[in-house]
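Structure assessment
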Amino acid sequence: MAQAEAPETLSRPSIDPEEIEKFSRIAAEWWDPESKFKPLHKFNPSRLRYIRDAVIAHFDRERGDQPLKGLKLLDIGCGGGLIAEPMARLGADVTAVDAAEANIKTATVHAEEQGLEIDYRHGTAEQLLEDGEEQFDVVLNLEVVEHVAEPGQFLKDCAKLLKPGGIMVVGSINRTSKAFVFAIFGAEWVMGWLPRGTHRFEKLVKPSEVRAALSAEGLTVREADGVSYNPLQDSFEITPDASVNYLMVAVKAA
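Conventions used here
Residues numbered from 1 in each chain as written. Predicted model: local features only at pLDDT ≥ 70, side-chain atom pairs only at ≥ 80, totals over all residues. Heavy atoms only, no water. Axes fitted to C-alpha atoms, helices over the stretch in contact; angles between N-to-C directions. Helix = DSSP H or I, 4+ residues; strand = E, 2+ residues; numbered from the N terminus. Parallel < 35°, antiparallel > 145°, perpendicular 65-115°, else oblique. Left-handed = near helix turned anticlockwise from the far one by under 90°. Contact = heavy atoms within 4.5 Å. Nonpolar A, V, L, I, M, F, W, Y, C, P; charged D, E, K, R; others polar. Phe/Tyr/Trp six-rings, centres within 6.5 Å; stacked < 30°, edge-to-face > 60°. Buried < 20%, exposed > 50% of the residue type's maximum accessible area, 1.4 Å probe, protein only. Lys NZ or Arg CZ within 6 Å of the ring centre and 35° of its normal. Right-handed = clockwise from strand over helix to strand, strands pointing away. Pairing = 2+ DSSP bridges. pLDDT = per-residue confidence, 0-100. Core = buried A, V, L, I, M, F, W, Y, C linked by side-chain atoms within 4.5 Å. Arc of directions from axis to C-beta.

**Focus: the packing of helix α6 (residues 151–160) against helix α8 (residues 207–215)**
- Contact pair α6 / α8: the axes reach a minimum separation of 8 Å and the direction vectors enclose 50°. Comparing the axis directions of α6 and α8 gives the class oblique. Taken as a pair, α6 and α8 cross one another with a handedness that is right-handed. Only V210, A213 and L214 of α8 make contact with α6, whose side of the interface consists of G152, L155, K156 and A159.
- Classifying every residue of the contact of α6 with α8 by side-chain character gives five nonpolar, one polar and one charged.

**Details of the packing of aromatic side chains**
- Scanning the model with the defined rule gives three aromatic pairs in all.
- Taking 5.2 Å as the distance between ring centres and 85° as the angle between the ring planes, the aromatic pair formed by F43 and F236 counts as edge-to-face. Within this pair, whereas F43 is found in helix α2 (residues 38–59), its partner F236 is found in strand β8 (residues 235–239), the two being separated by 193 residues in sequence.
- Residue classification places F43 among the buried positions, given a relative accessible area of 5%.
- Look at F180 and F201: their rings are 5.9 Å apart centre to centre, the planes differ by 90°, and that puts the pair in the edge-to-face class. With a gap of 21 residues between them, F180 in helix α7 (residues 177–190) and F201 in the loop between α7 and α8 connect regions that are remote in the sequence.
- Looking at F201, the relative accessible area reads 30%, which means it is partly exposed.
- One aromatic cluster is present, built from ring pairs that chain together F43, Y229 and F236.
- In this structure, K72 is placed above the aromatic ring of F136, and the distance from its NZ or CZ to the ring centre is 4.7 Å.

**Description of the pairing of strand β2 (residues 93–98)**
- With five of its six residues buried, β2 lies for the most part within the structure.
- Once the chain exits strand β1 (residues 72–76) it traverses helix α3 (residues 84–89) before rejoining the sheet at β2, and the crossover so formed is right-handed.
- Summarising the sheet, β2 and strand β3 (residues 119–122) pair through four bridges and their orientation is parallel. When the sheet's bridge partners are listed, D98 is paired in β3 with H122.
- Crossover connection from β2 via helix α4 (residues 101–113) to parallel β3: handedness right-handed.

**Regarding the confidence of the model for the protein chain**
- When pLDDT is averaged along the protein chain, the result is 88; 85% of the residues meet or exceed 70.
- Contacts from residues 1–11, a stretch scored under 50 in pLDDT, to residues over four places away or in other chains number 13 contacts.

**Some remarks on the nonpolar core**
- Counting 39 residues, the largest nonpolar core has M87, V94, I118, Y120 and L140 as the members making the most contacts within it.
- Residue assignment for this core shows that the elements contributing at least two residues are α2, α3, β2, α4, β4 (136–142), β5 (162–173) and β9 (245–252).
- Other than its neighbours up to four places away in sequence, L140 contacts I51, L73, L74, D75, I76, I83, M87 and V169.
- Counting residues in hydrophobic clusters, the runner-up holds 29 residues, among them L128, V139, F154 and V205.

**Some remarks on unusual backbone geometry**
- In the Ramachandran plot, D60 falls in the positive-phi region, its phi being about 55° despite a non-glycine side chain.
- Take D60: it is sitting in the loop between α2 and β1.
- One non-glycine residue, D234, lies in positive phi territory at about 50°.
- For D234, the position within the fold is in the loop between β7 (225–230) and β8.

**With respect to α8**
- For α8, the complete set of buried residues consists of P207, V210, A213 and L214. Summarising the axial view, the buried residues of α8 lie within an arc of 125°, below the 170-degree limit, and thus occupy one face.
- Among the structural elements, α6, β5, β6 (219–221) and β9 are those in contact with the buried residues of α8.

So this is what it looks like as structure tokens:
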């Protein structure tokens, strides 16, 4: 009698089982702007502009409907596809990977409904390396490093997936008292924007720690930019204050 196949085991540095289970439980809600992912829907326009402008400037592209056409882009920790889909619409050849299989199923169905071709995969950065995946022109590492088991190793693995001359964008939450007040206590416990326990303060990663990990792989890392909430406009905007949410650009020498 044939034995049943063992469930797939993902490689370790990206895997924190508690974090994966947390997001798997709410995977179906990714594309509902009034769901538990409401903050990301508010946050998305600013970070999409930031990414688009950084990539266009880096590769000296003309603005237009598809300025990223021909660029091979990796969205690691893609969730339900809130970044992968706009990147595909901008012309990029998108591979999007997530350790939570439920997220990949949600993202795949939504992309098909939108008529978008995106290579969604259930997996990790380490698995891509182990499988000999070709390197990417652009690597997006957004709101994921604070959820992995070993942030430093995870960032180094992501750096290895970037082509010489490529660009990486990292986005996360700073480990500061201000971030605790606004991004954890305020967003999760007062405003109810996110389920309580979405973020754990001790797992947050400072920009200096991102810089150290990526610099060790030979990347040049720019100063962090902040992403701040404007209550008057009920929106997020790019600011110099990186004490809560931040975005960073890193470049690998050609």
